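Topology and contacts: notes
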Amino acid sequence: MKLDVLCLGEPLLEFNQIKEGNKKTYISGYGGDTSNTAISIARQGMSVGFISKVGKDKFGSELLELWKREKVDFSNVSIHQKAPTGIYFVTHDADGHHFTYYRSGSAACQMTPFDLPKDDLSQTSILHLSSITQAISISSCQTSFAAIHQAKKNGVKVSYDTNLRLKLWSLDRARDVINCTVPMCEVILPSLEEATLLTGLVDPEEITDYYLELGAKLVVLKKGSHGARVSDGKDNLNIPGHKVKAIDATGAGDTFDGVFLSEWIRSDDPFSAAEFANAAAALSTTNYGAVDSIPNRDEVKEFLGFSI
């Protein structure tokens, strides 16, 4: 079956800190950037699959049930008999949200190029992955490049989020791998804060130009509450942010990615797709959790005042 998008990466179980009166507690949920993106795509009514490994444990079983409920094809997710499913905690303070991961040696870290579904990779419209998948292990990095090469060989577009996690690798290593990956991609989806660290640039226009000159065909720079900037080397669009009562931005970037890819497939217009995704990301910050916060397409349309 041909899928609109096939995502590759590591799923995680999430424990998100919330305040109940004077106490702080944790609610369980689900995460992993590309898994979140896959669910975002499914909630927009598009077909999507996921490539990964989970542990033979309760957390792995919960993730399989999640994808089943969300209508994400998980036929390319295998169960590792020994390695565990990774988990992470989200805490919140005046500086925003903070992640603490327990993922070393996780099942997804054991992915190899031999785990890739060549037939499915040749039939999907878009392959989506992030630099986190490249950072969690050497074999996962090799798997990422193998997937990209397989996709490119078959005319499949590659979407790439430069999601930077410096607890997983050094800035120099991250920059080298990311800069090698960017020229292979039809679209890259960096965030402003992370792109500044990776490029040393602060101005959004200079950042998009940097990645276009590096070889990206389309750059969609996510600027958080300040919106987004889209550039294809010919046309540019600066999209303002939306004013919302934000409580948790954990999954906003992943929501943006999934909605952008869905709308881009629908309209073949990356600029209108980014405007819709920008609204979806803002809406997602009004709820807790990386997955629970992801809106469906009708909710985004209602937020924007469209007739449904």
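As a reminder, the structure under discussion sits directly above these lines.
Notes on the structure in this doc start here. (Residues numbered from 1 in each chain as written. Predicted model: local features only at pLDDT ≥ 70, side-chain atom pairs only at ≥ 80, totals over all residues. Heavy atoms only, no water.)

1. Things to note about the environment of K243
So the rule is basically this: Helix and strand assignments come from DSSP, with helices taken as H or I runs of at least 4 residues and strands as E runs of at least 2, each series counted from the N terminus.
Mapped onto the secondary structure, K243 falls in the loop between β13 (236-239) and α9 (252-267). For the pair formed by K243 and A107, sequence separation is 136 residues and the distance between their alpha carbons is 39 Å.

2. Comments concerning unusual backbone geometry
Although it is not a glycine, K71 sits at a positive phi angle of roughly 65°. By secondary structure assignment, the location of K71 is in the loop between α2 (58-70) and β5 (73-80).

3. Details of the pairing of strand β11 (residues 219-222)
The side chains of a regular strand alternate between both faces of the sheet. The condition is simple: Here the term buried applies to any residue with accessible area under 20% of the maximum for its type, exposed to any over 50%, and partly exposed to those in between, with areas from a 1.4 Å probe on protein chains only. For two strands to pair, DSSP has to find at least two bridges joining them.
Side chains V219 and L221 of β11 all project onto a buried face; the interleaved residues V220 and K222 project onto the opposite face, where all are buried too. As paired elements, β11 and strand β12 (residues 228-231) share four bridges and run antiparallel to each other. Residue pairing across strands places L221 opposite R229, the latter belonging to β12.

4. What about the nonpolar core?
In summary, soluble globular proteins display a tendency toward joint burial of nonpolar side chains. Rules: Here, nonpolar core refers to any group of buried Ala, Val, Leu, Ile, Met, Phe, Trp, Tyr and Cys residues whose side-chain atoms link them within 4.5 Å. Any two residues having at least one pair of non-hydrogen atoms within 4.5 Å are treated as being in contact.
Formed by 45 residues in total, the largest nonpolar core has its most connected members in W67, V220, F256 and F260. When residues of this core are traced back to their parent elements, those giving at least two are β1 (5-8), β2 (12-20), α1 (33-43), β4 (48-55), α2, β12, α9 and α10 (270-284). The biggest single contributor to this core is α10, with eight residues. Ignoring sequence-local partners within four residues, the contact set of F256 consists of L189, V220, K222, A228, A274, A277, N278 and A281. M111, I148, Y160 and V177 belong to the second-largest nonpolar core, a separate cluster that totals 35 residues.

5. Concerning the side chain of S131
Inspection of the secondary structure puts S131 in helix α4 (residues 131-135). Every residue in contact with S131, bar those within four places of it in the chain, is listed here: Y160, D161, T162, N163, L164, W169 and I178.

6. A short note on the packing of aromatic side chains
To be explicit about the condition: Whether two aromatic rings pair depends on their centres lying within 6.5 Å, for rings of Phe, Tyr and Trp, where Trp uses its six-membered ring; planes under 30 degrees apart make the pair stacked, over 60 edge-to-face, and the rest tilted.
One pass over the full model with this rule turns up 11 aromatic pairs. Ring centres of Y88 and F99 lie 5.9 Å apart, and the angle between their planes is 45°; this geometry places the pair in the tilted category. A residue pair is termed long-range when its members are at least 10 positions apart, and Y88 in strand β6 (residues 86-93) and F99 in strand β7 (residues 96-102) qualify at 11 residues. The buried category is assigned to Y88, whose relative accessible area is 2%. Here the aromatic rings of F89 and Y102 are separated by 6.0 Å at their centres, their planes lie at 85°, and the arrangement is edge-to-face.

7. Observations regarding the sheet that holds β2
Spelled out, the test is: Every angle, taken between N-to-C directions, lies between 0 and 180 degrees, and every axis is a line fitted to C-alpha atoms, over only the stretch in contact when it is a helix.
Judged by pairing direction, the sheet is mixed, and its four strands sit side by side in the order β3-β2-β6-β7 without closing on themselves. Among the strands making up the open sheet, the edge pair consists of β3 (23-31) and β7. Pairwise comparison of adjacent strand axes, ignoring direction, gives a mean angle of 25° for this sheet. By the bridge criterion, nine bridges tie β2 to β3 in an arrangement that is antiparallel. Each residue of the ladder has a partner; that of E14, found in β3, is G29.

8. Structural notes on the pattern of salt bridges
Applied cut-off: Here, a salt bridge means any Lys or Arg side-chain nitrogen found within 4 Å of an Asp or Glu carboxyl oxygen.
If you walk through the whole model with that rule in mind, you get 11 salt bridges. The salt bridge involving K222 is made with D161; its shortest N-O contact spans 2.9 Å. Residue K222 is found in strand β11, and its partner D161 is found in strand β9 (residues 157-161); the two are separated by 61 residues along the sequence. Comparing K222 with D161, the two get one shared label, buried. Connected through salt bridges with shared partners, the residues D161, K222 and D257 form a single ionic network.

9. Details of the packing of helix α7 (residues 192-199) against helix α8 (residues 204-214)
Rules: Working rule for handedness: look at the near helix, and if it is turned counterclockwise from the far one by less than a right angle, call the crossing left-handed; if clockwise, right-handed. Residue polarity is assigned by list, with Asp, Glu, Lys and Arg as charged and Ala, Val, Leu, Ile, Met, Phe, Trp, Tyr, Cys and Pro as nonpolar; anything else, Gly included, falls into the polar class.
Relative orientation of the contacting elements α7 and α8 amounts to 65°, with a least axis distance of 11 Å. In terms of crossing hand, the pair formed by α7 and α8 is left-handed. Of the residues in α8, those in contact with L192, A195, T196, L198 and T199 of α7 are P204, I207, Y210 and Y211. Of the residues that constitute the contact of α7 with α8, the class distribution is seven nonpolar, two polar and no charged.

10. What about α1?
Most of α1 sits out of view: 10 of its 11 residues are buried. Of all the positions in α1, only D33, T34, S35, N36, T37, A38, I39, S40, I41 and A42 are classed as buried.

11. Here we look at the layout of surface pockets
Condition: Here a cavity denotes a set of grid points, spaced 1 Å apart and computed over the protein atoms alone, in which a 1.4 Å probe fits but from which it cannot get out, and a pocket denotes an open set meeting protein on both sides within 12 Å along at least five of seven lines; residues with an atom within 4 Å of a point are reported as lining. Grid points are joined across faces, edges and corners, and a volume is the space filled by probe spheres set on the points.
What the largest pocket holds in volume is close to 1,400 Å³. Taken together, 48 residues make up the lining of the largest pocket; nearest its centre are H97, S191, E193, E194 and A249. When contributions to the lining of the largest pocket are tallied by element, the ones reaching two or more residues are α1, β7, α7, α9 and α10. Among the elements that make up the lining of the largest pocket, the one with the highest residue count is β7 (five residues). Partitioned by chemical class, the residues of the lining of the largest pocket number 19 nonpolar, 18 polar and 11 charged.

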